[in-house]
Structure formats: C-alpha cells, structure tokens
Amino acid sequence: IPMRPSAEETATNDLKREAEELTKRLLASALRHFGVKMNEPAIRFDLRGKTAGQVRCVDGGACLIRFNQTLLARHPEDFLARTVPHETAHLIAFSLFGPRVRPHGQEWQAIMGLFGASAERCHSYDVSGLQTRRLRRYQYRCTCRTHELTSIRHNRVKSGQVYQCRRCGSPLERVPERTHAV
C-alpha cells in the first residue's frame, strides 16, 4: 500500500512547485524584455546548509538553479519574494553579459529592478540548526595578491583545472605550505 505524503511534505511540494513556476515566469519576462532566447534551466531543491540559492552555468550554455528546500519551507513568502528573483537575476545576467559579469553588479541590480525585487546581496533567514560543512582552505597567489581556495577548488586544480585572478588575469599558483622542523 503506497503511503500518503504527510501534510508537511505536501506543503513543501506545493512550495517547490510555486518556486519553479515563479522562476519560469520571471525568466520568461526577462527574456521578453531583453529580446533574447535561452534554454530553460534545470531547477533542483538539493542545496543544504545556510545558502538559500545558487546558479551554475557551464560553457555549453546548460544552467542549473539550486534552491534550499529547508529555507523555502521555513520562510516561504520571503524566499519567493527575494531568493527566487535573486537567483533568476543571476541566471539572466550571466546569459546576457557572460561569465565575467559581477555577481551583484549594476547589470544584476537592473534585472532585480525589472523584477520589482529588492537588490539585496545576502539573505537574513534564521539558519539556526542547519548543518554546514567546514572546508579546508589553501593559499594561492597570482601576480597581484594572495587568494584562498577551498578544498573543492584545490582538488580541481590538482585535476588540471586552471583558475585565474579576476583582477590581473594571471593563473593562480599554489603557495607551498610551511613545515616546521623540530
């Protein structure tokens, strides 16, 4: 006998559907406004921790919007009013202006204005009780300064990925760790 979803699961599924529909409406509105076309992004609700939303695009043009289902369920009205437009604006800005567009720059802010949403950079949701993982950080340098890369990016560098400084454009190189002789 199939189990019926709980009231909480049903409410969460309704919110997820509402967030998906809003994302698609905002996207369609912006694409009409700017007179451009793009592939519809994949939308997932698998983001965990304190991050409310995230956009990922690859060179081939495929894009993914990830939302934090827990924060959506905790703060539904604010999430729909702020986070969904916030992430959709990132997708539009990236599609129109390319990967070097500043994440919360003038272009993104103008798109947020088009959506009638507040152009705030960070959310202020209650994140108490949410688990986050702590990533080790590694020192890298370019010709103009020092950078900290998380273990995720560090491992990508070890696999051949090259990261460049956004300021000077030179490739990042690992700063050797100091070992203390006893």
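Check the entry above for the structure.
Analysis parameters
Residues numbered from 1 in each chain as written. Predicted model: local features only at pLDDT ≥ 70, side-chain atom pairs only at ≥ 80, totals over all residues. Heavy atoms only, no water. Axes fitted to C-alpha atoms, helices over the stretch in contact; angles between N-to-C directions. Helix = DSSP H or I, 4+ residues; strand = E, 2+ residues; numbered from the N terminus. Parallel < 35°, antiparallel > 145°, perpendicular 65-115°, else oblique. Left-handed = near helix turned anticlockwise from the far one by under 90°. Contact = heavy atoms within 4.5 Å. Buried < 20%, exposed > 50% of the residue type's maximum accessible area, 1.4 Å probe, protein only. Pairing = 2+ DSSP bridges.

### Here we look at the packing of helix H1 (residues 7-34) against helix H3 (residues 76-97)
Then step 1. In contact at an axis separation of 9 Å, H1 and H3 are set at 40° when each is read in the N-to-C sense. In terms of orientation, H1 lies oblique with respect to H3. In this structure, the crossing between H1 and H3 has a hand that is right-handed. On the side of H1, the interface is formed by Leu15, Glu18, Ala19, Leu22, Thr23, Leu26, Leu27, Ala30, Leu31 and Phe34, while H3 contributes Pro76, Leu80, Val84, Pro85, Thr88, Leu91, Ile92 and Leu96.

### A look at the pairing of strand S3 (residues 63-67)
Then step 1. With five of its five residues buried, S3 lies for the most part within the structure.
Then step 2. Of the two faces of S3, the one carrying Cys63, Ile65 and Phe67 and the one carrying Leu64 and Arg66 are both buried.
Then step 3. Alignment of strand S1 (residues 42-44) against S3, held across three bridges, turns out to be parallel. Residue pairing for S3: Ala42 is matched across the bridge by Leu64.
Then step 4. Here strand S2 (residues 53-57) pairs with S3 via five bridges, running antiparallel. Residue pairing in the sheet places Arg56 in a bridge with Leu64 of S3.

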